[in-house]
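Inside the fold
Chain residues, written in single-letter form:
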Amino acid sequence: MSTRNLNIVFTGTPGVGKTTHCQELAQRTGLHHLDINDVVKKHNIGESSNDPDDPNTKIVDEDRLLDCIENDLEDGGQIIDWHACDLFPPRLIDLVCVVRCENKVLYDRLKKRGYGEKKLQENMDCEIMEVLLQEAREAYDEGMIVELRSESTEEIDSNVERIEQWIKNWKKDHGK
Ligand code: DAT
């Protein structure tokens, strides 16, 4: 059996609430919030897209990204925060949380973030078409995937409590 600590992925369309959940969960459990945006910046592994409507979006070389985080994942104890999930090797992942949000609420959040109309529509389509949920289902066993709704602050609390309990059980089962 693997001796590493557990790793959890939080994935979902931008704006659904991944970072908010990861920060809260890291604070409560002492696990490390591995924000992939920070890794991309730190190691300078994002190429600017050529899209004039979307100059801030970076295209990330996933092989280089994995090289940067592989040791952290091998050690475990990571709460991974990223809008994609299928690049993380299943043998290093214990739970995949797909954060979801109702269309109207998501639209308002992305508008507040200053997204232009095209980027906004692309992300709305991504949520409506359940792109990240499908990606998770194609990459991981169904039993490892949890869908979490994130429209209200009460939902953040109950989601975090639920995952915290899951972590406690995992640790007990793995003698940690
Ligand atoms: P993501 O990391 O998926 O891009 P985020 O955590 O930065 O999303 O959240 C985007 C914004 O929405 C941020 O202002 C916090 C707010 N938010 C997220 N989930 C929420 C919830 N369940 N209740 C209230 N606000 C929420």
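**Observations concerning the environment of Glu 164**
Inspection of the secondary structure assignment puts Glu 164 in helix α7 (residues 153-173). With 135 residues separating them along the chain, Glu 164 and Thr 29 place their C-alpha atoms 7.1 Å apart. Sequence-distant contacts of Glu 164, that is, excluding residues within four places in its chain, are made with Leu 25, Arg 28 and Thr 29.

**Thoughts on the packing of helix α1 (residues 18-29) against α7**
Remark: α1 packs on α7, axes separated minimally by 10 Å, with the N-to-C direction vectors making an angle of 50 degrees. The angle between the axes of α1 and α7 places the two elements in the oblique class. As for the relative orientation of α1 and α7, their crossing is right-handed in sense. Within the contact between the two elements, α1 uses Thr 20, His 21, Glu 24, Leu 25, Arg 28 and Thr 29 and α7 uses Glu 155, Ile 156, Asn 159, Val 160, Glu 161, Ile 163, Glu 164 and Ile 167.

**Description of the packing of aromatic side chains**
Taken as a whole and judged by the stated rule, the model has 0 aromatic pairs. It is Lys 119 that lies over the ring of Tyr 115; its NZ or CZ is 4.2 Å from the centre.

**Here we look at the layout of surface pockets**
What the largest pocket holds in volume is close to 940 Å³. Lining the largest pocket we find 30 residues, and of these Pro 14, Asn 37, Trp 82, His 83 and Tyr 115 sit closest to its centre. Looking at the lining of the largest pocket, the elements with two or more residues in it are α1, α2 (36-42), β4 (58-60), α5 (117-128) and α6 (131-139). Examining the composition of the lining of the largest pocket, we find that 4 residues originate from one element, α5, more than from any other. The class makeup of the residues in the lining of the largest pocket is 11 nonpolar, 9 polar and 10 charged.

**A short note on the site of the ligand**
Near the ligand, the surroundings consist of 15 residues, among which Gly 15, Lys 18, Thr 20, Arg 113 and Ser 152 are the closest. Between an oxygen atom of the ligand and a side-chain N or O atom of Arg 113, the distance comes to 2.7 Å. With respect to the ligand, the backbone of Thr 153 contributes an N or O atom lying 3.4 Å from a nitrogen atom. Considering the ligand on its own, with 550 Å² of exposed area, one finds that the protein chains cover 74% of that surface. Among the secondary structure elements, those contributing two or more residues to the shell around the ligand are α1 and α7. Among the elements that line the shell around the ligand, the one with the most residues is α1, at 3 residues. Looking at the shell around the ligand, its residues break down into 3 nonpolar, 8 polar and 4 charged.

**Re α5**
The first and last C-alpha atoms of α5 sit 16 Å apart over 12 residues, in line with the 16 Å expected at 1.5 Å per residue. Taken together, the buried positions of α5 are Lys 119, Leu 120, Asn 123, Met 124, Cys 126 and Glu 127. Down the axis, α5 shows its buried residues gathered within 155 degrees of arc, on one side only. Summarising the contacts, the buried residues of α5 are in contact with β6 (95-100), α4 (103-112) and α6. A positive backbone phi angle near 55 degrees is found at Glu 130, which sits one or two residues after α5.

**Side note on unusual backbone geometry**
One non-glycine residue, Asn 44, lies in positive phi territory at about 50 degrees. Among the secondary structure elements, Asn 44 is positioned in the loop between α2 and β3 (46-48). Even without glycine at this site, Glu 130 takes up a positive phi of about 55 degrees. Mapped onto the elements of the fold, Glu 130 is located in the loop between α5 and α6. For Glu 130, a relative accessible area of 29% corresponds to the partly exposed category.

Calculation criteria
- Residues numbered from 1 in each chain as written.
- Predicted model: local features only at pLDDT ≥ 70, side-chain atom pairs only at ≥ 80, totals over all residues.
- Heavy atoms only, no water.
- Helix = DSSP H or I, 4+ residues; strand = E, 2+ residues; numbered from the N terminus.
- Contact = heavy atoms within 4.5 Å.
- Axes fitted to C-alpha atoms, helices over the stretch in contact; angles between N-to-C directions.
- Parallel < 35°, antiparallel > 145°, perpendicular 65-115°, else oblique.
- Left-handed = near helix turned anticlockwise from the far one by under 90°.
- Phe/Tyr/Trp six-rings, centres within 6.5 Å; stacked < 30°, edge-to-face > 60°.
- Lys NZ or Arg CZ within 6 Å of the ring centre and 35° of its normal.
- 1 Å grid on protein atoms, 1.4 Å probe; cavity = no way out; pocket = protein on both sides within 12 Å on 5 of 7 lines; lining within 4 Å.
- Points joined across faces, edges and corners; volume = space filled by probe spheres on them.
- Nonpolar A, V, L, I, M, F, W, Y, C, P; charged D, E, K, R; others polar.
- Near = heavy atom within 4 Å.
- Polar contact = N/O pair within 3.5 Å; in protein donor to acceptor, adjacent residues only side chain to side chain.
- Areas by Shrake-Rupley, 256 points an atom, 1.4 Å probe, with all protein chains shown as cover.
- Expected span 1.5 Å × (residues − 1).
- Buried < 20%, exposed > 50% of the residue type's maximum accessible area, 1.4 Å probe, protein only.
- Arc of directions from axis to C-beta.

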